[in-house]
Amino acid sequence: MKLGIIGAMVEEITPLLEKFGDYKKIQVGGNTYYEISKGTHKIFIAYSKIGKVHAALTASTMILHFACEKIIFSGVAGGLSADLKVGDLLLGEKLCQHDVDITAFGHPLGFIPESKVYIQTDKNLNSLAKQVAKAQNIDLKEGIIASGDAFIADSAKKQWIISNFKADAVEMEGASVAVVCDLLQVPFCILRSISDSADGSADVSFDEFLESSAKRSAEFVLKMCENLLEG
C-alpha cells in the first residue's frame, strides 16, 4: 500500500517524522515529500503550507505522482460547536467550502456547478479511526468541517458559518483535499484536533495550543497507520 499523510504546517507533521525517523526527501512542485518504507508499504508525508490551493496541490501530487491509494489529513482546527473544547479530536464526516459564493446565480452557498456543497469522507477509514479511538479510550467527536482561505477569529463570522453550513469546526485546507480525493476516487480521512474557538481570542489560543493539538492529532494518525499497514 501507498499511504499519503498531509498536514498544513510543519508542526503538524514533525511528530510523525520524529516517530518514523528514517525517511527520504523528494522535491516536487516546490514542496518536500518525505518517503518512508515499512516492509512492502510506503508512506508519503508532507506539509502542504496553509490554504486550499497548497493543500489541493499536495493531495494531487501524492495521488498522481506518488500513486498514494489512501490519504489522511491531520492537523488543527477552530471549534465552532459548543461541544468542542481545545484538545478534542474531531473526525470530519463531510466537508464544505464556506468561502465559495455564487449565490448571485441562484446557487446555494458553498456550491460549485458539477460539484456539491458537502463531500463525504471515506466510511472505511472513518470506521478505522473510531476503532483506534475506542481502543485508546479517546472520545472521538464527529461532525462537519468547513474550510476557507481565512483564519476565523471573529464571533460574528463564526456564527455565520455555523448558521449557513451547520459546521462543527473550521480550518483552511480539508475541503480542498476532499475535492481532489473525491474527483480522483481515492479514499480519504480528515482528522482535526481543536486548537481554538474561532472567536475573538482565537489568535492567542491558536499560538498557545498549536503544538500540543497538532501532536495529539499526529499521534492518533500514527495508530491508524499501524492498523492500516498491518491489515
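Above this text sits the structure in question.
Predicted, not measured: the structure shown is a model, and the values here were computed from it.

Reading the values: the criteria
- Residues numbered from 1 in each chain as written.
- Predicted model: local features only at pLDDT ≥ 70, side-chain atom pairs only at ≥ 80, totals over all residues.
- Heavy atoms only, no water.
- Buried < 20%, exposed > 50% of the residue type's maximum accessible area, 1.4 Å probe, protein only.
- Helix = DSSP H or I, 4+ residues; strand = E, 2+ residues; numbered from the N terminus.
- Axes fitted to C-alpha atoms, helices over the stretch in contact; angles between N-to-C directions.
- Parallel < 35°, antiparallel > 145°, perpendicular 65-115°, else oblique.
- Left-handed = near helix turned anticlockwise from the far one by under 90°.
- Contact = heavy atoms within 4.5 Å.
- Nonpolar A, V, L, I, M, F, W, Y, C, P; charged D, E, K, R; others polar.
- 1 Å grid on protein atoms, 1.4 Å probe; cavity = no way out; pocket = protein on both sides within 12 Å on 5 of 7 lines; lining within 4 Å.
- Points joined across faces, edges and corners; volume = space filled by probe spheres on them.
- Phe/Tyr/Trp six-rings, centres within 6.5 Å; stacked < 30°, edge-to-face > 60°.
- Lys NZ or Arg CZ within 6 Å of the ring centre and 35° of its normal.
- Core = buried A, V, L, I, M, F, W, Y, C linked by side-chain atoms within 4.5 Å.

Asks: Give me helix α1 (residues 10-20): which residues, what numbers.
Replies: Considered for burial, the residues of α1 that qualify are Glu12, Ile13, Pro15, Leu16, Leu17 and Phe20. Just downstream of α1 lies Gly21, where phi reads positive at about 75 degrees.

Asks: An account of the packing of helix α2 (residues 52-64) against helix α5 (residues 174-184) is requested, with residue identities and associated values reported.
Replies: It is at 8 Å that the axes of α2 and α5 come closest, and there the two elements cross at 30 degrees. Put simply, α2 runs roughly parallel to α5. Between α2 and α5 lies a crossing whose hand is right-handed. For the pair α2 and α5, contact is made by Lys52, Ala55, Ala56, Ala59, Ser60, Ile63 and Leu64 and by Ser176, Val177, Val180, Cys181 and Leu184, respectively. Of the residues belonging to the contact of α2 with α5, the class tally is 9 nonpolar, 2 polar and 1 charged.

Asks: Mind laying out the layout of surface pockets, listing which residues take part and the relevant values?
Replies: Over the atoms rolls a probe the size of a water molecule, and its path tells where empty space is left. Approximately 150 Å³ is the volume found for the second largest pocket. A total of 6 residues in the lining of the second largest pocket trace back to one element, the largest contributor, which is helix α6 (residues 202-230). Taken together, the residues that form the lining of the second largest pocket break down as 4 nonpolar, 1 polar and 5 charged.

Asks: Tell me about the packing of aromatic side chains, residues and numbers included.
Replies: Inspection of every chain in the model, using the stated rule, returns 4 aromatic pairs. Summarising the aromatic geometry, the rings of Tyr23 and Tyr34 are spaced 5.2 Å apart at their centres and angled 90 degrees between planes, so their arrangement reads as edge-to-face. One end of the pair, Tyr23, is in the loop between α1 and β2 (24-28); the other, Tyr34, is in strand β3 (residues 31-38), and 11 residues separate them in sequence. Seen from their ring centres, Trp160 and Phe165 are 6.0 Å apart, and the 65 degrees between their planes marks the pair as edge-to-face. Given the relative accessible area of 30%, Trp160 is considered partly exposed. Ring-pair connections join several aromatic residues into one group, and the members of that group are Tyr33, Phe44 and Phe66. Geometry around Trp160 places Lys157 over its ring, the cationic atom sitting 4.1 Å from the centre.

Asks: So, α5: which residues are in play, and what are the values?
Replies: All buried positions along α5 are accounted for by Gly174, Ala175, Ser176, Val177, Ala178, Val180 and Cys181. Just beyond α5, the residue with positive phi is Gln185, at close to 60 degrees.

Asks: Let's hear about the nonpolar core: which residues, and what values?
Replies: As a rule of thumb, nonpolar side chains are buried together in soluble globular proteins. Ranked by size, the top nonpolar core spans 33 residues in total, and within it Met62, Ile71, Leu95, Val177, Phe188 and Ile190 carry the most contacts. At the level of elements, β4 (41-47), α2, β5 (70-79), β6 (89-97), α5 and β10 (188-196) are the ones that each hand at least two residues to this core. The greatest single-element share of this core, amounting to 5 residues, is contributed by α5. In terms of nonpolar packing, the next biggest core, distinct from the first, is built from 29 residues, Ile13, Val132, Phe220 and Leu229 among them.

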